[in-house]
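Coordinate inspection notes
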Amino acid sequence: MAVSRLSLSDFRSYADAVIAPGPGLVVLTGENGAGKTNVLEAVSLLSPGRGLRGASLSEMARNGGGGGFAVAARLGEVDIGTGTLAAAPERRQVRINGAPASASSLSEWLAVLWLTPAMDRLFQEGAGGRRRFLDRLVLALHSAHAVHAARYEAAMRARNKLLAETGPRDEAWLSALEARMADHGDAIREARAATVAALADRLAGAPEGPFARAGLALAGGEEDLGTALRAGRVRDAAAGRTLAGPHRTDLAVTHVGKGQPAALCSTGEQKALLLAIILAHADLVADRVGRRPILLLDEVAAHLDPARRAALFERLDARGGQVWMTGTEPALFTGLPASATRLHVEAGGVSAA
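Let us look at the structure shown here. (Residues numbered from 1 in each chain as written. Predicted model: local features only at pLDDT ≥ 70, side-chain atom pairs only at ≥ 80, totals over all residues. Heavy atoms only, no water.)

With their axes 10 Å apart at the nearest point, helix α5 (residues 171-204) and helix α8 (residues 267-289) run at an angle of 110° to one another. Overall, the two elements α5 and α8 adopt an arrangement that is roughly perpendicular. Residues Thr195, Ala198, Leu199, Arg202 and Leu203 of α5 pack against Ala276, Ile277, Ala280, His281, Asp283, Leu284, Asp287 and Arg288 of α8. Residues of the contact of α5 with α8, tallied by class, amount to seven nonpolar, two polar and four charged. (Axes fitted to C-alpha atoms, helices over the stretch in contact; angles between N-to-C directions. Helix = DSSP H or I, 4+ residues; strand = E, 2+ residues; numbered from the N terminus. Parallel < 35°, antiparallel > 145°, perpendicular 65-115°, else oblique. Contact = heavy atoms within 4.5 Å. Nonpolar A, V, L, I, M, F, W, Y, C, P; charged D, E, K, R; others polar.)

Next comes the structure, spelled out in structure tokens:
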């Protein structure tokens, strides 16, 4: 499913903007700081979570605006809207066809995947970023994943708070929280494992190609979480956090052709591995769900050599689906088909290029 109309109100650098992209490749060009990534961030908010920047909602409201913001999109015959009110800047509101809905329900309508320059250090930094990347992949195949993750986090916060209390604890409530964590944690673990296994199989059967071949595996995550939580109460109370569970799982990525972890590869090789994963996953989602995810590729062409750039554009065009790309120069996108939507971004405005 593709976005046929996107409107922004008091969002980031946009006081008011309306974009009507085509169903295929969408290219936004303009100087650094013009607001290209802001448009991609708006599209990313059409799915559960805090978007491609992971920012707080209050940060997204335009400086000098009314205090809240709105992002609205047309998807076929469906209208989706999200944003905040000035009176509650950190409370996200979602509407589907005008009716109030939860943010987690957005995954029932579309999946959105992204690759940004900030992800260039995904393999060097902590496991949290890789876990968020993994969960975005999982969500595209398992729409209930966001609900399980939210309920697991809520139960874990309540358990941590209870363990931090001095004096006698409510053991029955503690056991109930751990049972809830175990139930939702098992669902999270199973969805992650199924996604990684399916994606690893697809990647294993792919030729080496220009984007390298990635190997995937999960690291961490208890098979019997309920037992681990009960046994770890004293340890977790002393640490002030829960030390077992799916919130500590990591995604291990290797460069199959070189036989080494992604963290030891060059920056260009790491970018190629990420592209390989995202492109293979988009194909997997299309096969399993029957619709391609929307891809957001921020500054993707700038750091690819001409051969990989041409291969990327050819593959994106051949596979179909809506793909939003940004770049500073139109010349970076030479070779795209005439059907691509080309837009110019400048000073909080978007116009046809």
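There is more to say, and it comes next.
The six strands are arranged β2-β1-β4-β5-β6-β7 in an open sheet whose pairing can be described as antiparallel. The open sheet has two edge strands with one neighbour each: β2 (14-19) and β7 (99-101). The sheet shows a mean angle of 20° between the axes of neighbouring strands, taken without regard to direction. Where strand β1 (residues 3-11) lies against β2, five bridges are found, and the strand directions are antiparallel. Opposite Ser9, over in β2, you have Asp16 as the bridge partner. Each of β1, β2 and β4 (69-75) is contacted by helix α1 (residues 36-44), which is oriented at about 110° to β1, the strand it contacts most. (Pairing = 2+ DSSP bridges.)

Right, let's talk about α1 for a bit. Burial analysis of α1 places nine of its nine residues in the buried class, which makes it a mostly covered element. Along α1, the residues classified as buried are Lys36, Thr37, Asn38, Val39, Leu40, Glu41, Ala42, Val43 and Ser44. (Buried < 20%, exposed > 50% of the residue type's maximum accessible area, 1.4 Å probe, protein only.)

Moving on: the sheet that holds strand β10 (residues 250-255). Read from one edge to the other, the open sheet built from three strands follows the order β9-β10-β11, with strand pairing classed as antiparallel. Edge strands, defined here as strands with exactly one partner in the open sheet, are β9 (214-219) and β11 (260-261). Examined bridge by bridge, β10 and β11 share two bridges and lie antiparallel to one another. Bridged to Thr254 within β11 is Pro261. Set on the sheet, helix α3 (residues 127-141) makes contact with β9 and β10; between it and β10 the angle comes to about 90°. Where α5 meets the sheet, it contacts β9 and β10, and its direction lies at approximately 160° from that of β9.

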